[in-house]
Amino acid sequence: MSETSDSIILDTATRILSDLCGPEVVNDAEAGKWPQALWETLEESGLTLAWVPEELGGAGAGTADGFAALRVAGRFAAPVPFAETLLAGRLLAAAHIPAPSGAMTIAPALPGGSLALSPDGRLEGRARRIPFARSARHIALFARRGDERFVVLVAPEGLGLRAGTSLAGEPLDDLIFEGVIPKAIAETALDDEALLAWGAAARLQQIAGALERILEQSVEYAQDRTQFGRPIAKFQVIQHNLAMLAGEVAAGSAAAAAAAEACGGGETALPRLAAAKVRGGEAAGAGAAIAHQVHGAMGFTYEHSLHHRTRRLWAWREEFGNEAFWAMRLGRIVAAQGADALWPFITAEN
Amino acid sequence: MTFSFRFDPISLPEEAKALQEEVRAFLREEAARGGFTPGKGGFSREFGRKVGARGWLGMTWPKKYGGGERSQLERYVVTEEMLAWGAPTRSFSTGDRQSGPMLLRYGQEEIKEKILPRIVRGELCFCIGLSEPNSGSDVFAASTRAKKTAGGWLVNGRKIWTSNAHEADYMIALLRTSPPTPENRRHGLSQFLVEMRAPGMTIRPIINLTGSHEFNEVVFDDVFLPDSHLVGDLDMAWKQATDELAFERSGPDRWIETFPCFVEFVRQRGAEPSERVAEGIGRAVAELMTLRRMSLSVAGMLQAGKSPIAEAALVKDLGTNFEQALPDKIRLLAPPLSDEDPDANDARFEEALRHATLIAPKLTIQGGTREVLRGIIARGLGLR
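Counting of residues starts from 1 at the beginning of each chain's written sequence and follows it residue by residue. Chain A is the first chain written and ligand 1 is the first ligand written, with later ones labelled in order. Only residues with pLDDT of at least 70 are given local features in this predicted model, and only at 80 or more are side-chain atom pairs given and counted; all residues enter the totals for whole chains, interfaces and linings.

J.: I keep staring at helix α3 (residues 36-45) of chain A and nothing clicks. Help me out?
T.: Note on helix geometry: an α-helix contains 3.6 residues per turn, so any two residues three or four positions apart are oriented the same way. Residue and element names in this part refer to chain A. Counting other C-beta atoms within 10 Å of each residue's C-beta, where C-beta atoms are placed from the backbone, gives the exposure class: buried for 20 or more, exposed for 12 or fewer, partly exposed between. The helix count covers DSSP runs of H or I at least four residues long, the strand count covers runs of E at least two residues long, and both are numbered beginning at the N terminus. Leu38, Trp39 and Leu42 are the residues of α3 that are buried. Viewed along the axis of α3, the buried residues span an arc of 95 degrees, placing them on a single side of the element. Away from its buried face, by an angle of more than 90 degrees, α3 presents the exposed residues Gln36, Glu40 and Glu44. Of the residues trailing α3, glycine 46 is marked for its positive phi of about 90 degrees. Of all possible arcs, the one meant is that of the directions from the helix axis to the C-beta atoms.

J.: It is not clear to me how the interface of chain A and chain B should be interpreted in this structure. Could you clarify?
T.: Interface size is commonly expressed as the accessible area that is lost once the parts come together. Taken together, the contact between chain A and chain B spans 40 residues of the former and 42 residues of the latter. Counting residues per element, the ones that place at least two in the side of chain A that touches chain B are α6 (194-224), α7 (236-262), α8 (270-295), α10 (323-337) and α11 (342-347) of chain A. No other element matches the 13 residues that α7 of chain A contributes to the side of chain A that touches chain B. In this description, a residue-residue contact is defined by the distance between C-beta atoms placed from the backbone, which must lie within 7 Å.

J.: I'm lost on unusual backbone geometry in this one. Help?
T.: Note: most peptide bonds trans; most residues except glycine with negative phi. The omega torsion across alanine 107 of chain A and proline 108 of chain A is -10 degrees, close enough to zero to call that bond cis. Its place among the elements puts proline 108 of chain A in the loop between β1 (104-107) and β2 (115-117). The residue phenylalanine 320 of chain A is not glycine, and still its phi comes out positive at about 55 degrees. One non-glycine residue, aspartate 222 of chain B, adopts positive backbone phi at about 50 degrees.

J.: Before we go on, may I ask you to explain the pairing of strand β6 (residues 201-207) of chain B in this structure?
T.: Along a regular strand, successive side chains alternate from one face of the sheet to the other. Residue and element names in this part refer to chain B. In this scheme, strands are said to pair when DSSP sees at least two bridges between them. Alignment of β6 against strand β7 (residues 213-226), held across seven bridges, turns out to be antiparallel. Along β7, the bridge assignment pairs methionine 201 with phenylalanine 220. Hairpin connection from β6 to β7: five residues lie between these consecutive antiparallel strands, with glycine 211 at a positive phi of about 90 degrees.

J.: Help me out: how do you make sense of the domain arrangement of chain A in this one?
T.: All names here are of chain A. As far as domains go, chain A holds domain 1 (1-80), domain 2 (99-190) and domain 3 (194-347). Put simply, the middle of domain 1 and the middle of domain 2, counted by C-alpha atoms, are 23 Å apart. With ten residues of domain 1 in contact, the opposing surface of domain 2 contributes six residues. Its residues assigned to classes, the side of domain 1 that touches domain 2 shows six nonpolar, two polar and two charged. An automatic or database domain assignment provides the domain bounds reported here. Polar here means any residue outside two lists: the nonpolar Ala, Val, Leu, Ile, Met, Phe, Trp, Tyr, Cys and Pro, and the charged Asp, Glu, Lys and Arg; Gly therefore counts as polar.

J.: I'm lost on the confidence of the model for chain B in this one. Help?
T.: Low pLDDT means the predicted coordinates in that region are not meant to be read closely. Summing up the model confidence of chain B, the mean pLDDT is 93 and the portion of residues at 70 or higher is 97%. In the predicted assembly, ipTM is 0.96 and pTM is 0.95. The predictor attaches a confidence to each residue, called pLDDT, with possible values from 0 through 100.

J.: What am I meant to see in the domain arrangement of chain B here?
T.: Residue and element names in this part refer to chain B. Once the domains are mapped, chain B shows domain 1 (14-124), domain 2 (128-236) and domain 3 (250-380). Computed over C-alpha atoms, the centres of domain 1 and domain 3 are 23 Å apart. Listed per partner, the contact involves twelve residues of domain 1 and twelve residues of domain 3. The residue inventory of the side of domain 1 that touches domain 3, partitioned by class, reads five nonpolar, five polar and two charged.

J.: Could you clarify how one ought to interpret the nonpolar core in this entry?
T.: Soluble globular proteins tend to pack their nonpolar side chains together in the buried interior. Joined through C-beta atoms within 7 Å, a set of buried Ala, Val, Leu, Ile, Met, Phe, Trp, Tyr and Cys residues constitutes a nonpolar core. Leu92, Ala201, Leu242 and Ala259 of chain A together with Met171 of chain B are the most contacted members of the largest nonpolar core, which has 234 residues in total. Excluding anything up to four places from it in sequence, alanine 201 of chain A contacts Phe67, Ala259, Ala260, Ala262, Cys263 and Leu273 of chain A.

J.: Help me understand the packing of α7 of chain A against α8 of chain A, please; the structure alone is not making it clear to me.
T.: Two quantities define a packed helix pair, namely the angle between the helix axes and the distance between the axes. Residue and element names in this part refer to chain A. Only the contacting stretch of a helix is used when fitting its axis, a line to C-alpha atoms as for every element, and angles between N-to-C directions run 0 to 180 degrees. Interaxial distance between α7 and α8 falls to 8 Å at its minimum, and their mutual angle equals 155 degrees. Our classification of the angle between α7 and α8 gives roughly antiparallel. Judged by the twist between their axes, the crossing of α7 over α8 is left-handed. Taken together, the residues of the contact of α7 with α8 sort by class into 20 nonpolar, five polar and four charged. For classification, angles of less than 35 degrees are called roughly parallel, those exceeding 145 degrees roughly antiparallel, those between 65 and 115 degrees roughly perpendicular, and all remaining angles oblique. Definitions for this section: a left-handed crossing has its near helix turned counterclockwise from the far helix by less than a right angle. A right-handed crossing has that turn clockwise.

The following block contains the structure:
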C-alpha cells in the first residue's frame, strides 16, 4: 500500500474513534452496553475487514494498514472486537472463504490449543479464553483432521459458551464444540501457530497505542497536579519516572513495529515475533506500573480513565502467549542454534 | 498532545549487509590467528592499524581527509561487529566516534589535514578531557583554564576520569576561556586539541575496581597550545557539544558491552537448556533484538540528517540498564557450582561473567550518567 492510503486509514480510524469512543463508551461497554454506533461506523468504513480482499467481501488493505488502525484502537481502548474481526478476516481470506458481515472472533486463542474436525465434518473440542466470543456473529477457526488443516467458519448457535471476562472487563469466554456443523470449511496450508502469531502481533499494536496514550496522560497529569507548592512534574524523581515510562513506550512501539513486519505476509518470522511479544509484554507491565505511580490515588479510581488502558495492557500482554511462553520458545530456538550463531541471529532481521 | 520521540523503522541497505559479512570474516580470521581474544576488548595499536587499512575508520568522512564517504549505517555495522566480538577497539574508538567528527566539523583546516588522515589509518589514539575533580556530570562547571598568550594559549588545571589518557596521542579538552555570564552559565568554555606529550602534561593512573588501568588524572601545568588548536568558536563550546551527544550516545557501544558473557553462557548451557534457562535466554535475546532495532533506527535518523538527541538518550538509558543487569540475570541462571573440575566452556563462562559483573557499575555512568540521560529525556517530554 502506498503512504497515502496508509494515512487515510489512520485518519479514518482516528476520526471514528475520537468521535465515538470516549471514556463513557468504554465504561458503558464494561457495564454490558454494546457500543452500537462505534461498531457500525467502524464496519461501514471498511476497517473491520481491512485484511479481506475485495473479491471476498473486504476492503483489501495491506497488513500494515490494519496494524496501524489497531494501534489507534489501542490508544482509545476501543471496547469492540476490532482486532478479533480483522484476524478472523485474515484467517478466512487465507483459505479463500468469503467474509460475512458483523463482528467476528477467532479460535483457538491459547498456545497449544486445537480443535478437531471429525470425518463427517463436525467440530469437536474446546477453545478457552476467546475474546468477545459472545459478541461475535461468526467465529473463524483453525482445526485439524489428522495431518490435514482447515479454516472453518461457524455461527455461535449450538455452541456451548461459558462467559468470562478479561482484566479489562471485556468478554473472554470459553467455547465448547460438540458436533457443531460449520458454515464453511476449506483446507489450508497455514501453520498451526499462524493464528497465535497474528494474534500476538495484533495485541502488540494495541499495547503500543495504549502505552503512547498513558504516557501523554501521565505527563499531562504531572503538569496539572500541584503538591508541595509546585506541579509534581517539577520534581526530579517524577521526571525520571516519566523518562523511564517514555523508554518503555518506545520499546513497546519498536516491538509492535517488529511484530507487524514479522507478520507482514507469507510465513511468519517467528523469532522476531517472539522477541516482540516478550519485550512488548514487558513494556506493557512496566509502563502501566509507572503511569499508576505518577497518577497516585486518582489513577486508582474507576472514575479516572487511566484504567481503560492499563487494565487492557495487563490483559493484552497475557493473550496469544505471554512473555514467559514466547521467551521460552525463543530461548530454545537460540540454544539449538548454538553460541556462535547467537550474534548473527540477533542481527538477522534488519 | 503527541511527543516528538520517533524511531523510524529501518532495514540495512545491501552494501551494509555485505560489509557486515566482510567484517565478520576479518574478525574470524584475526581471532583464529591470535590477533585478539574474542570478548576481551582491550587496547592494540596493531589491531587499530589493520582496521584502518581496511577502510573502516573515518568511514563517513570526506575523501579529502582520507575518509570513505560511506553511510552512517555502514559505520554502524562495523562498530557493532567489533563490539559484539569484544575486539580490542580502545586505541581507535574515541577518535573514530567522537574526536574525529568534532575536528571535522569545527577544527581549523591545517589541523584537519594533519590529524584526520592519521585517525583514518588507525595511527592515533584520542581521549576526552571533560570531567574535572569538581565538575563531573555538571560538565559546564569546568574550571581548567586556557589563558591567551602570544601565538596561543597557556593551560592550567586538572582533568579526571580520562579514559586512555596514558595511551593517547591527543585529547579534545573542554577549557575555560572566559567566566560564565549571569544569563548563561554555560558560556565561556572552548574546545581545544591537546598534544598529550606536550611539556607540562602529567598523567597519573587511577586503577579501577577491576584492577585495570584505564582512566587517569591529567594535570596541566603551563601547557602551551598553539592558536591553531582551538576547535570551533571561542567561548561557545556549549553550542557545539549538543549535537555531538546524539553521535556519542546512540551507538551500539551502549548496549553490547556485557554481551560476550551472554555468548559464553549460551555455549555453556548447551543445545537443550531447561525451561527456566530457555526463558532467561529468550528474554535477553528479546531485549537485544529490540535495542538493536532502536539503535539502528537512531543511526538511520542520523544518516537522514536528523538530530535525534532525546531518542539517543533514551536508547542509551534502556541499553545501559540492560547491559548492566545482564550479568546478574545470567549469574542466577548458571548451574550450581560442583566439586567436579570445570571444562573449557565452564572456565570461559566463569571468566566472562566475572569480567561483566565487575565492569557493570560503570555502564550507567560513562558517557553521561543515567540521571543525566533521564534529564535529557524529561526535557524531550516538555517537563523542563
